[in-house]
Amino acid sequence: MIQSVSATKKSPIDTLEAALQKDRESLILHPVYSAIRSINDLRWFMENHVFAVWDFMSLLKTLQSRLTCVGSPWRPIGSPSLRRFINEIVLGEESDLDANGQPISHFEMYLAAMREVGANTQSVERLLELISSMPIDEALSQANAPLPARVFVEQTFRVIESGSLSSVAATFTFGREDLIPEMFQSALDTIGSGSPDFGPRFHYYLQRHIDVDGDSHSGLARQMVAEICQSPADWQQAEQAARASLRARQHLWDGVLDGLVKS
């Protein structure tokens, strides 16, 4: 039986996912993970990656401010399903439970993992002190953020400051929520030969994201993009932003790998 054109035509979100598949697979299979063989290697990786852990929250908070009401007096804004999705992720990211059952943000969880292996947290902590008084690029420079991390964060904030909700949603979805479970699983299987004794707090952080993001968040994030993108122009902005976010992650991992090779 011949299927009708309407039955076989892909949805816009399926078309976008297919267009990004090659870049996505490149990140899941990136050689940086297998290059991390010592604690010194892990420290360098974490000293870069922590900036991506941090700027994720700015993407998330941008979506929360655009899709929900975060001020007073309160009023219902937008889609209830999107509000629930964003607030659920904010709850998990800002106040998840650590391995001991204590509330903690994922960023603070990552800092604790860094301290456990002796990684330097001064640069990212200095950034937090500076961001309220100067533009993000100046703060990154003055905080002496590693160059690969600096370039990555600057790309994230270009999207945040673009004003395009479709771009922010696509970056959040395809550069983070949809990508992270498989990317982190690859890292978990490879870094330190997959041993949980090689940075146990770091391994817990990776596993926590695999469990949470891979369970339902990535699917809900795709639904969010589909709901936000209502025109061909929206979908074009979404694809451009998604591709840029994947390229930025590729450059970040390439820069980290280059540092490992040189060291």
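Here the structure is a predicted model, which is why all the values come from computation and not from measurement.

Trainee: An account of the side chain of Asp41 is needed here, citing residue identities and associated values.
Mentor: Within the secondary structure, Asp41 sits in helix α3 (residues 39–67). One buried charged side chain, Asp41, makes no salt bridge at all; its nearest oppositely charged neighbour is Arg37, positioned 5.8 Å away. Look past the residues within four positions of Asp41 in its chain and what remains in contact with it is Ala35, Ile36 and Leu260.

Trainee: Explain the packing of aromatic side chains to me, and be specific about the residues and the numbers.
Mentor: Aromatic ring pairs are reported here in terms of the distance separating the ring centres and the angle at which the planes meet. This model, assessed by the stated rule, comprises 8 aromatic pairs. When the ring of Phe45 is compared with that of Phe202, the centres are 6.2 Å apart and the planes differ by 75 degrees; the resulting orientation is edge-to-face. With Phe45 in helix α3 and Phe202 in helix α11 (residues 200–228), this residue pair connects regions lying 157 residues apart in the sequence. Overall, Phe45 belongs to the buried group, its relative accessible area being 3%. On the basis of relative accessibility, which here comes to 0%, the residue Phe202 falls in the buried class. In this structure an aromatic cluster arises from ring pairing among Tyr33, Phe45, Tyr110, Phe184, Phe202, Tyr205 and Trp253. Across the ring face of Trp253, the terminal group of Arg249 is positioned such that the distance to the ring centre comes to 5.2 Å.

Trainee: Residue-level account of helix α2 (residues 12–28), with values.
Mentor: For α2, with 17 residues, the first-to-last C-alpha span of 23 Å sits near the 24 Å given by 1.5 Å per residue. When α2 is considered as a whole, its buried residues turn out to be Ile13, Leu16, Leu20, Arg24, Leu27 and Ile28.

Trainee: Which residues make up α3, and what values do they have?
Mentor: Over its 29 residues, α3 extends 41 Å from the first C-alpha to the last, a length consistent with the 42 Å expected when each residue adds 1.5 Å. In α3, a bend of some 30 degrees at Asn48 exceeds every other bend along the element. In terms of residue burial, α3 counts as a mostly covered element, since 21 of its 29 residues are buried.

Trainee: Explain the pattern of salt bridges to me, and be specific about the residues and the numbers.
Mentor: One pass over the structure, following the stated rule, counts 13 salt bridges. Residue Glu239 pairs with Arg243 through a salt bridge whose shortest N-O separation is 3.1 Å. Pair noted here: Glu239 and Arg243 are both in helix α12 (residues 232–262), with a separation of 4 residues, about one helical turn. In this structure Arg243 comes out as partly exposed when scored by relative accessible area, which is 27%. Residues joined in a network through salt bridges with shared partners are Glu17, Arg24, Asp178, Glu182 and Arg222.

Trainee: Can you lay out the environment of Glu182 for me, pointing to particular residues and giving the numbers?
Mentor: Its location among the elements puts Glu182 in helix α10 (residues 180–190). Taking the C-alpha atoms as reference points, Glu182 and Glu25, 157 residues apart in sequence, are found 9.2 Å from one another. Among residues more than four places away in sequence, those in contact with Glu182 are Arg24 and Ile28. Within the structure, Glu182 has its side chain in polar contact with the side chain of Arg24 (distance 2.6 Å).

Thresholds, definitions, all that
- Residues numbered from 1 in each chain as written.
- Predicted model: local features only at pLDDT ≥ 70, side-chain atom pairs only at ≥ 80, totals over all residues.
- Heavy atoms only, no water.
- Helix = DSSP H or I, 4+ residues; strand = E, 2+ residues; numbered from the N terminus.
- Buried < 20%, exposed > 50% of the residue type's maximum accessible area, 1.4 Å probe, protein only.
- Lys, Arg positive; Asp, Glu negative; His and termini not counted.
- Salt bridge = Lys/Arg side-chain N within 4 Å of Asp/Glu carboxyl O.
- Contact = heavy atoms within 4.5 Å.
- Phe/Tyr/Trp six-rings, centres within 6.5 Å; stacked < 30°, edge-to-face > 60°.
- Lys NZ or Arg CZ within 6 Å of the ring centre and 35° of its normal.
- Expected span 1.5 Å × (residues − 1).
- Bend = angle between axes of the 7 residues up to and from the residue.
- Polar contact = N/O pair within 3.5 Å; in protein donor to acceptor, adjacent residues only side chain to side chain.

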